[in-house]
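# Examining the three-dimensional arrangement
One letter stands for each residue in the lines below.
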Amino acid sequence: MKKRTEAMPLKLGLPKGSLQDATIQLFARAGFNVYVNARSYFPTIDDPEIECLLIRAQEMARYVSDGVLDAGLTGQDWIAEHELGDGTTGVLTRIADLIYRSAADLDGKTIATELVRVTRAYFAGRGVTVNVEFSWGATEVKPPVLADAIVEATETGSTLRANRLRILDTVMESNTQLIANHTALADTWKRTKLDNIALLLKAAIEAHGRVGLMLNVRRADLDGVLALLPALQRPTVSALSDDQWVAVNTIIEERTARDLIPRLKGAKAQGIVEYPLNKIVL
């Protein structure tokens, strides 16, 4: 049993609203089970060293900066908005950059948009297969029931041309950040706790959409099998009790498994096992 210190618990803010479900799912993949009561702003977590509070992402940076919270998760855009407003630049430290979803994660999903051709071209250029549906307006209300994601324009090209305007630059691309204030980070216990949380969250993100693959193959057929295998770095090859055979273990994108496994079988691999991954620590 851990000895309780004055630094405990870590006061952690979780974003309420659009990021809430994705954040709780990410924490679950990282090994932390968070339970939210619809009537309470204080979720429970199965780690006695952490106390959680649900806060709007727009307000998270202020509460972390003021020391009400030790740390929290919010968008990079809201951090900048806080620091350029009433906040003090340099009070907050970014512990981890957490990108919950990428274009590749939407493979096989439905996208609602008014920009059908643009959206199709975008995903086609990235080799991602999606079902693009035209939206007759109110696109923002479509997820998650009527669509998995949306593509929305904040300005139309015709309006810009009519006013003889052109886009000069993109102000900001935003994704979720784990932030903490300097007072919390000056405490050795809290700093270590936050570093460990960040490690597990990033490991869960790395594992998303990937699976492990292990198989056995004769040494004489090993080169043919290895030629088919993509890998995070290099496949692990281990000797078996029979000197003529080896075990191969690797990590692949889940969406490639259905095509790869038959090809591995054709290359004389045996005992092929695909298994899920919760975390990948790089």
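Notes on the structure in this doc start here. (Residues numbered from 1 in each chain as written. Predicted model: local features only at pLDDT ≥ 70, side-chain atom pairs only at ≥ 80, totals over all residues. Heavy atoms only, no water.)

Within soluble globular proteins, side chains that are nonpolar tend to cluster in buried spots. Ranked by size, the top nonpolar core spans 28 residues in total, and within it Leu12, Leu14, Phe27, Leu73, Leu98 and Leu178 carry the most contacts. Sorting the residues of this core by element identifies β1 (10-16), α1 (20-30), β4 (50-56), β5 (71-75), β6 (92-98), β10 (176-181) and α7 (188-207) as the ones contributing at least two each. The greatest single-element share of this core, amounting to six residues, is contributed by α7. Ignoring sequence-local partners within four residues, the contact set of Leu98 consists of Leu26, Leu73, Asn175, Thr176, Leu178, Leu201, Lys202 and Ile205. Judged by nonpolar contacts, the second largest core, of 16 residues, contains Val217, Leu228, Val248 and Ile252. (Core = buried A, V, L, I, M, F, W, Y, C linked by side-chain atoms within 4.5 Å. Buried < 20%, exposed > 50% of the residue type's maximum accessible area, 1.4 Å probe, protein only. Helix = DSSP H or I, 4+ residues; strand = E, 2+ residues; numbered from the N terminus. Contact = heavy atoms within 4.5 Å.)

For the rest of this paragraph, the subject is the pattern of salt bridges. Taken as a whole and judged by the stated rule, the model has seven salt bridges. A salt bridge links Lys193 to Glu49; the shortest N-O distance between them is 2.8 Å. Taken together, the residues span a long stretch of sequence, with Lys193 in helix α7 and Glu49 in the loop between β3 (44-45) and β4 at a distance of 144 residues. The buried category is assigned to Lys193, whose relative accessible area is 11%. With its nearest N and O atoms 3.3 Å apart, the salt bridge here joins Asp195 to Arg191. (Salt bridge = Lys/Arg side-chain N within 4 Å of Asp/Glu carboxyl O.)

What follows covers the environment of Gln270. Mapped onto the secondary structure, Gln270 falls in strand β14 (residues 270-276). Take Gln270: its relative accessible area is 40%, and that puts it in the partly exposed class. For the pair formed by Gln270 and Leu215, sequence separation is 55 residues and the distance between their alpha carbons is 5.9 Å. Apart from the residues lying within four places of it in its own chain, the contact partners of Gln270 are Leu215, Asn216, Trp245 and Lys265.

Right, let's get into the pairing of β5. Counting buried residues along β5, five of its five residues qualify, which places the element largely inside the surrounding structure. Residues Ala71, Leu73 and Gly75 line one face of β5 and the alternating positions Gly72 and Thr74 line the opposite face, and both faces are buried. Direction of pairing for β1 relative to β5: parallel, over a ladder of two bridges. Considered in β5, the bridge of Leu12 is made with Ala71. Note: β5 against β10, five bridges, orientation antiparallel. In the sheet register, Ala71 faces β10, and the bridge partner there is Ala180. (Pairing = 2+ DSSP bridges.)

On their own, these measurements won't tell you what the molecule is for.
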